[in-house]
Structures are given as C-alpha cells and as structure tokens.
Amino acid sequence: MKIAFVHYHLKTGGVTTVLKNQVSALQGRCKTLVLTGDRAGTRMACPVVEIPGLGYDRPDMDNVPPEVVAEMVQQAICEIWPEGCDLIHVHNPTLAKNRRFLRIIKRLQQSGVKFFLQIHDFAEDGRPDAYFDESYPADCHYGVINRRDVDILMRAGLKAQGLHLLPNAVTPLPVSPGQGKKELILYPVRAIRRKNIGEAILLSLFFENGLRLAITQPPNSPADIYRYQEWVDWARGHPLPVYFAAGQKTDFAVLVGAAQSMITTSIAEGFGFAYLEPWTAGKFVWGRRLKAICRDFEKQGLHLEELYDRLDVPLAWIDAETFANQWQATVLRAGMTFGFPLDETDVRTAYDRLTVRGQVDFGILNEPFQRQVLEKVLHDPSCKRTLRSLNPWLAAIGVPSNPAAIITHNRRAVARHYAIHACGERLMEIYRLVVSKPVCHRIDKTALLSAFFDLERFSLLKWNASA
C-alpha cells in the first residue's frame, strides 16, 4: 500500500510529531511520502516533497488557483510512484490556515483520489480565526484522536463506517537519571493561554517542603506571548516559587529527572499528552481533569484519581460586575463571529449557573481576574483556608503517600495502548477500510459548532483573545 501524507508544514510542534510517529509506525508495513508547504528542516523516514501551495496562506501564493496546487500534488506523487498512491492522509484540513486547502482536496476528490482526513483541532472549538465558511469535504473517511470528537461528528452527520478513532502514539519522555533531591513540580508545556498558567501559579502557593513550579517553555504566537509576559512581569513583584522558561535554561531531561511530579492545569486539550507522557518517565501526574479527554485514558485502565474537576474561588474576590459583563459580551461576540446567534436571556441564565453559590471556577477567568484572586491569597492568609474549604483536595495536593504502584500501573497501560507499533496497526486497519469501503456522508457545520459552543465550560482564556 502507498500512502501520501499532507500537512501545512513540518515545523516543530504537536501535529508534526504525530505525523513523524505515524511515518515511523508504518515502516515495513507500507510505502510512505510526505507532501508539505514547508519542510522546515525536519527529517522524516520517507521522501518529503515541498509544495508551497499547501502551506499557510502567504501573499506570494494568493494568485495560485487551487486546481494548480492539486495538479502539483498529483505530479509529486506520480514522480515517486508512477501508478499513483492508494490514498492521501491529510492532517488538520478543516483549519483555515490555508483558505484554498478545502478546494484543493475537493479537486483531488474529483480526480478519484481517496482521502483520510485526520482532525486534531477544530476551528469551532474556540478558534474563530481558523474558521472556514466553506463546507468540509464530503464522502470521505475522517479520523479523530478522542471519543469526544467521535461523538460530536456522529451527531454532526458522519457515519460510523467512515469515522475512525486514531489515538496518538506516545513516546517515552527523556529523563536524566541520578538526580538528587526532587525539588520541582514540572509543567512541561508551551505556555499558551489555554494552558491556564495562572492556575498553576495558584497551586504553587500550596506547595510544601521547598517545592517549586517549573514551566518549561514560553509561547510563540504574539497574543499568547503578550499574556505570558504579563505573568512573568507580575511574578517578579511577588514571592512566588515559580520558574518561567525553565526549558530554555536547563536540558529538558534534567528537568524531568529533578521533578517530584508533573502537573497540567489546561482548560482545553485535543488528545491530552499531558495525562500520558509523565508516566513513561516514572513521574506522577496530577492537576485539572478534563472529563471528555480523560475518559478515554481511564477506559484503557489508567488511574487518574488525583486529578480535580474544578477549582472554585469566591466571586467576591474579583470585580464581579466587570467579569459578568465581560463574560456575557464575549459569549455574544463569539456567537456573532461564527454566525451562531444566541439569545441574551439564555446567556444570562448560563452565567448564573456558572456562578451559583457565589463561586466561580478559576479556569473560567482570564488573566486579570486570576491575578485578582492571587493577590487576595498572597496578602491574606485566611484566603488559603477559604480555598481549602471550597476545594478539600487542596489540603493534600500532588503525589499520594505511595505513588510507586500507580506509576508502575499507568506506565504499563500507556505502553500497552499507546505505543508506536499499536499506532501502526490501527493505521493499517483504517487504510484498508478507506480503500475498500466508500462512504456517503457530510458534516453539518451548524451542528458541529453547536456541540463545541458549550456555555457550561465557556472560558475567557480560550474564547477571548483580547480580554
């Protein structure tokens, strides 16, 4: 079998890592080729062909019609395999990083090319700048990385025989052995806004025995960098046990070796590597539990009982009126951006549910409101007692008294269900279905948006780039 992969670029990042692992997983099983808009120096275990028209939108490509790019794709494939390929596996095609991308796919479909479209991230999930008005490709096989997305796409019109669950492969984290005292709680993350850095800082105020929080990497995008730098500047004026950009100062394997445990406070994930990778290095992981993501891992036998579902704080600790106005205005504005009209009464009702009993989940707040909470805790010792009463798990955060058994169990579960070879087996099974089982279905984009536009979890960190 001959498989051509397509992605916008091969720059360092999550999807590029997944693609690289998939190519490796298929070695010895089938022939592979990667087509990309920017090869970025990444090494692959197969031929790589750069076609600029597949990359992110850029001015010098504005006048290149989708039909021309589609022909370049076919020519590139035929230069490697004169008889063509069995199918094209495209990563994240539904994001508007290239506004000709969907038309390129549809043109190739008209030529008889079979497609497997793998979605890692949905524009409908709080990414209005990546949203297309154009319909998504119909009558082809789709793949997603968690069961939440399977359920959503089934409700949005896709049929089971053309929708496949393909979890990502997990490779062991590097760890430098022989470290002395384990003094760090490591947050191995690029600190974009949805990673909820303020909550990690709040948790650090409850650390004991000299433990310190280490956040590994700063973000890349301008909006995220701005908010991240605000945290760095604010932290300089406060006595906090926090290291920023630790991965730029210390080798990552050394940080892993020095970690007592690892945390995640993210309010949104696609796959959820943060819940799996630490176990491969023998490290306990704790923090915020995203139910829709973690249920997949728990079904595979992982023990994640030390995670918490929410972190309640008193609404009286922030400027509640400003927050109410900002939250409701952001919801209405997001609805308008996506062409998804909302009733103001329904929005107010949703806000009342979010703030019932005069409390709000810290992960719903954006950075300025989070800092208002942190200032209260830093300057009034009684506030710690209040938070512990609202969130009893704060009385004993982090690692349980005897974590070794849980670490061993979870490490084995990750190796059993998320190893590279398991990924290869799943891919081959899916490819055989793509080639042999045509499907007739399409995605209802309104239904898809409705599934993600969940006011019960509507966070200003995720939905409001300017707030």
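Look up a bit, the structure's there.
In this text the structure is predicted, and so the values were computed from the model without any measurement. All residue numbers here refer to positions counted from 1 along the written sequence of the relevant chain. Note on the predicted model: pLDDT of at least 70 is required for a residue's local features to be given, and 80 or more for side-chain atom pairs to be given and counted; whole-chain, interface and lining totals, by contrast, use all residues. For side-chain calculations, the full set of non-hydrogen atoms in the structure is used, while hydrogens and water are omitted.

(A) Here's a closer look at the overall build of the protein chain. A tally of helices and strands in the protein chain yields 18 helices and 15 strands. At 23 Å, the protein chain has a C-alpha radius of gyration in line with the 23 Å of a compact globule built from 467 residues. Considering only C-alpha atoms, the protein chain reaches an extent of 70 × 60 × 40 Å along its principal axes. Each residue is placed in one exposure class: buried if its accessible area under a 1.4 Å probe, protein chains only, is under 20% of its type's maximum, exposed if it is over 50%, and partly exposed if it falls in between. Buried positions account for 55% of the 467 residues belonging to the protein chain. Contact criterion: two residues are considered in contact whenever any of their non-hydrogen atoms come within 4.5 Å of each other. Considering only contacts in the protein chain between residues 6 or more positions apart, those separated by 24 or more positions represent 77%. Surface accessibility in these figures is a Shrake-Rupley result with a 1.4 Å probe; residues are shielded only by whichever protein chains are displayed. When the accessible area of the protein chain is evaluated, it comes to approximately 19,800 Å², of which 50% is carbon and sulfur surface. We count a stretch as a helix when DSSP gives it H or I for four or more residues in a row; a strand needs E for two or more, and each element gets its number in order from the N terminus. The globule rule used here is 2.2 Å times the number of residues to the 0.38 power, and the radius of gyration it is set against is calculated over C-alpha atoms.

(B) Structural detail: the pairing of strand S1 (residues 2–7). Most of S1 is tucked away, with six of its six residues classed as buried. Alternating residues of S1 divide into Lys 2, Ala 4 and Val 6 and Ile 3, Phe 5 and His 7, and every residue in both groups is buried. Classification remark: right-handed applies to a crossover when, strands pointing away from the viewer, the course from the first strand over the helix to the second runs clockwise. After leaving S1, the chain enters helix H1 (residues 14–25) and then returns to the sheet as strand S2 (residues 31–36), a path that is right-handed. Strand direction decides the pairing type here: S1 and strand S4 (residues 87–91), joined by four bridges, are parallel. What sits directly across from Ile 3, in S4, is Leu 87. Strands are labelled as partners when DSSP assigns at least two bridges between them.

(C) Representation of the pattern of salt bridges within the structure. Salt bridge, as used here: a side-chain nitrogen of Lys or Arg that lies within 4 Å of a carboxyl oxygen of Asp or Glu. The full count for this structure, using the stated rule, is 25 salt bridges. Close ionic contact of Glu 367 with Arg 193 constitutes a salt bridge, the shortest N to O distance being 2.7 Å. Residue Glu 367 is located in helix H13 (residues 367–379), and its partner Arg 193 is located in the loop between strand S8 (184–190) and helix H5 (197–204); the two are separated by 174 residues in the primary sequence. Arg 193 carries the same exposure label as Glu 367, and that label is buried. A salt bridge links Arg 194 to Glu 269; its shortest N-O distance comes to 3.6 Å. Here Glu 269 lies in the loop between strand S11 (259–264) and helix H9 (277–280) and Arg 194 lies in the loop between S8 and H5, a separation of 75 residues in the sequence. Classification of Glu 269 as buried rests on a relative accessible area of 12%. Counted as one network, the salt bridges with shared partners bring together Arg 193, Arg 227, Glu 230, Glu 367 and Arg 371.

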